[in-house]
Amino acid sequence: MTSPSTALWGGRFKTGAAERLRDYTQSVSFDWKLFRHDIAGSIAHAKMLERIGVLNAQERTDIVKGLGEILAQIERGEFVWKTEREDVHMNIEAELTARYPAGAKLHTGRSRNDQVATAMRLWLKDQIAADQQAITGLQAALTTWATRDFAAVIPGYTHLQRAQPVLLAHHLLAYVEMLERDFERLSDCARRADVLPLGSGAIAGSTLPLDRKFVAKLLGFSRISENSMDAVSDRDFIVEYQAACALLAVHLSRLAEDLILWSSAEFHFIRIGDAYTTGSSLMPQKKNPDIAELARGKSGRVIGNLVAALTLLKGLPMTYNRDLQEDKERLFDTAETVQPTLLILAEMLGHIEVDQDSCRRASSDPLLLATDLADWLVRKGIPFRQAHHLVGEAVALAEQRRVPITKLTLREWKKISPTFDASALEVFSLERGLDARPTHGSPNPKLVKLQLVRWKKTLTARKI
Ligand code: ARG
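Rules used in this analysis
Residues numbered from 1 in each chain as written. Predicted model: local features only at pLDDT ≥ 70, side-chain atom pairs only at ≥ 80, totals over all residues. Heavy atoms only, no water. Helix = DSSP H or I, 4+ residues; strand = E, 2+ residues; numbered from the N terminus. Rg over C-alpha atoms; globule rule 2.2 N^0.38 Å. Buried < 20%, exposed > 50% of the residue type's maximum accessible area, 1.4 Å probe, protein only. Contact = heavy atoms within 4.5 Å. Areas by Shrake-Rupley, 256 points an atom, 1.4 Å probe, with all protein chains shown as cover. Lys, Arg positive; Asp, Glu negative; His and termini not counted. Charge placed at Lys NZ, Arg CZ, Asp CG, Glu CD. Salt bridge = Lys/Arg side-chain N within 4 Å of Asp/Glu carboxyl O. Core = buried A, V, L, I, M, F, W, Y, C linked by side-chain atoms within 4.5 Å. Near = heavy atom within 4 Å. Polar contact = N/O pair within 3.5 Å; in protein donor to acceptor, adjacent residues only side chain to side chain. Nonpolar A, V, L, I, M, F, W, Y, C, P; charged D, E, K, R; others polar. Phe/Tyr/Trp six-rings, centres within 6.5 Å; stacked < 30°, edge-to-face > 60°. Lys NZ or Arg CZ within 6 Å of the ring centre and 35° of its normal. Pairing = 2+ DSSP bridges. Axes fitted to C-alpha atoms, helices over the stretch in contact; angles between N-to-C directions. Parallel < 35°, antiparallel > 145°, perpendicular 65-115°, else oblique. Left-handed = near helix turned anticlockwise from the far one by under 90°.

Undergrad: When you look at the overall build of the protein in this model, what are you seeing that I'm missing?
TA: When you go through the protein residue by residue, the secondary structure sums to 19 helices and 6 strands. On C-alpha atoms alone, the protein measures out to a radius of gyration of 31 Å, which is more than a quarter above the 23 Å that the 2.2 N^0.38 rule sets for 464 residues. For the protein, the spread of C-alpha atoms along the three principal axes comes to 100 × 55 × 40 Å. The buried share of the protein, taken over its 464 residues, is 49%. Across the protein, contacts joining residues at least 24 apart in sequence account for 75% of those joining residues at least 6 apart. Just so you have it, the protein exposes about 22900 Å², and 55% of that area is on carbon and sulfur atoms. Counting 61 positive and 57 negative side-chain charges, the protein places the averaged centre of each group 3 Å from the other.

Below is the structure:
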């Protein structure tokens, strides 16, 4: 007996497929998500087939019309996917042929190997455009927050120990820079996905004079693939996307971690709006930063998806192997994890209140400016290593006397080094400390303001 799927390739088989095989090998339960791009590829292919005389105008019209009807039906949620038809490609083709006999000519010069690679590349190009829009949205949210709380100063940390004071805006703009690199990596990935594999057939092209450049133009691909074997076996574009997303997810996880720390009672730099936090079922006082925690946690599966993609490919002989069907669920999972994370983080940032007092308290420890005092000595001609040592002595003395370093007497300072004078203590003003930094890329408020202007311009120009 011939089943609907074996009808498409069953000529050489005496029996239909075993039910267990069908269940095991089907992919339509997840690859149906490629329907838009599969249909776009088929329409372009049909138009090309007409151009080279394989289809007449009526047949092409029927195929394009039929695919349009199927597309509309899928979008309305009325299309019935059949696992016995294996995958999205065969479901659509079988349904088309059932409605319009011309459908039986659509697969001319085409294999599912080049068909699926084409659909995946089309899908990815769209996905990346949407991801980049979401990245821009988060960058804009960070920039808006940085502008809103421009005056806030917090300690910058190394080793999670207070290091030097910075503008909160400067800290937030660090994430804008990180996200920009993610944006660029995705652009790069999109550029390499932008190659049409269709026309490569199963492995060795076709004996028919397929006009591949015509198809590329219709589908918006910049280039056509140069090697039919590479074209059907290449999944580098998926690995690149997984890698770009893994790093993006790691960046989001680090941002999330900062937000979690800052919202703790120990830091108390920020309060996240009620609508973006959750409570505890047991402890009535709790207000938990679950969004940030999940953003941090979900980076794990995105990293896992990258490893899965690499592992999938590492032992594959040329060219197409059915293993490649396993590229999809992990790919979709990454896309469906990263984009919502970007969107919800951006929204949440609009509902964060900064506790200016806590920030000021944390950043007003004069020891955060100890390095500036060493720089002051350098200006008086003391070699830096020596200056570092002298300030270290002052820190130790203040610690020993249990007073802030600013409370050491002039005599004590002079005892450490005669170079110290009363004006040295002026370095301990927070405002002066920040204003005194002329180096490009430092948290000098004037420079940070310029960075904000630059980012606002860049991001507004990018708004899609
Ligand atoms: N569902 C398959 C995949 O995703 C399509 C290609 C199948 N090709 C084949 N020769 N069986 O990889």
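Undergrad: Any chance you could explain the pattern of salt bridges here in plain terms?
TA: Close approach of charged atoms allows side chains with opposite charge to pair. Following the criterion strictly, the structure yields 34 salt bridges and no others. Salt-bridge contacts for Arg-112 lead to Asp-87; the nearest nitrogen and oxygen are separated by 2.8 Å. Of this pair, Arg-112 sits in helix α7 (residues 112-148) while Asp-87 sits in the loop between α5 (57-75) and α6 (88-99), placing them 25 residues apart in sequence. Overall, the relative accessible area of 5% leaves Asp-87 in the buried class. Salt-bridge contacts for Asp-194 lead to Lys-125; the nearest nitrogen and oxygen are separated by 2.8 Å. In this pair, Asp-194 sits in the loop between α8 (168-193) and β3 (195-196) while Lys-125 sits in helix α7, placing the two residues 69 residues apart along the sequence. On the basis of relative accessibility, which here comes to 13%, the residue Asp-194 falls in the buried class. Overlapping salt bridges, with partners in common, bring together Lys-65, Glu-69, Arg-85, Glu-95 and Arg-99 in one network.

Undergrad: I would appreciate a short explanation of the nonpolar core in the present structure.
TA: What tends to happen in soluble globular proteins is that the nonpolar side chains get buried as a cluster. Grouped together as the largest cluster of nonpolar side chains are 126 residues, with contacts concentrated most on Leu-138, Trp-145 and Trp-262. Top contributing element to this core by residue count: helix α11 (residues 236-262), with 15 residues. In contact with Trp-145, not counting residues within four places along its chain, are Leu-168, Leu-172, Leu-259, Trp-262, Ile-270, Leu-349, Ile-352 and Val-354.

Undergrad: Looking at this structure, I do not really get the site of the ligand. What am I missing?
TA: For the ligand, the full set of nearby residues is Ser-27, Asp-31, Asp-87, Arg-112, Asn-113, Val-116, Tyr-320, Gln-325 and Lys-328. In the model, a nitrogen atom of the ligand is placed 3.0 Å from a nitrogen or oxygen of the Asp-87 side chain. Between the ligand and Tyr-320, the relevant distance is 2.4 Å, taken from an oxygen atom to a side-chain nitrogen or oxygen of the residue. Expressed as a share of its isolated accessible area of 340 Å², the protein-covered part of the ligand is 86%. Ranked by residues supplied to the shell around the ligand, first place goes to α7 with 3 residues. Broken down by class, the residue content of the shell around the ligand amounts to 2 nonpolar, 3 polar and 4 charged.

Undergrad: Before we go on, may I ask you to explain the environment of Ile-291 in this structure?
TA: Among the secondary structure elements, Ile-291 is positioned in helix α12 (residues 290-314). In this structure Ile-291 comes out as buried when scored by relative accessible area, which is 16%. If sequence neighbours within four positions are ignored, Ile-291 has contacts with Tyr-276, Ile-344, Leu-345 and Met-348.

Undergrad: When you look at the packing of aromatic side chains in this model, what are you seeing that I'm missing?
TA: Pairs of aromatic rings are described using the distance from one ring centre to the other and the angle between the two planes. Enumeration over the complete set of coordinates arrives at 9 aromatic pairs. Ring centres of Phe-79 and Trp-81 lie 4.7 Å apart, and the angle between their planes is 65°; on these two criteria the pair is classed as edge-to-face. For Trp-81, a relative accessible area of 24% puts it in the partly exposed group. Sitting over the face of the ring of Trp-455, Arg-454 holds its NZ or CZ atom 4.7 Å from the ring centroid. Lying across the ring of Phe-183, Arg-462 places its NZ or CZ 3.9 Å from the centre.

Undergrad: Would you take a moment to explain the pairing of strand β1 (residues 153-158) for this structure?
TA: The two faces of a sheet get side chains in turn, since along a regular strand they alternate between them. Alignment of β1 against strand β2 (residues 161-167), held across 6 bridges, turns out to be antiparallel. The residue bridging Val-153 from the neighbouring strand is Leu-167, located in β2. Taking the residues between adjacent antiparallel strands as the criterion, β1 and β2 are bridged by 2 residues, where His-159 takes a positive phi near 55°.

Undergrad: Before we go on, may I ask you to explain the packing of helix α15 (residues 370-379) against helix α16 (residues 384-401) in this structure?
TA: Each pair of packed helices can be summarised by the angle the axes make with each other and by the distance between the axes. Packing of α15 against α16 leaves a shortest axis separation of 9 Å and a crossing angle of 130°. Viewed along their axes, α15 and α16 adopt a mutual orientation that is oblique. You can see that α15 and α16 cross each other, and the crossing is right-handed. Counted together, Ala-370, Leu-373, Ala-374, Asp-375, Leu-377 and Val-378 of α15 and Phe-384, Ala-387, His-388, Leu-390 and Val-391 of α16 form the full contact between these two elements. When the residues that make up the contact of α15 with α16 are grouped by side-chain class, the tally is 9 nonpolar, 1 polar and 1 charged.

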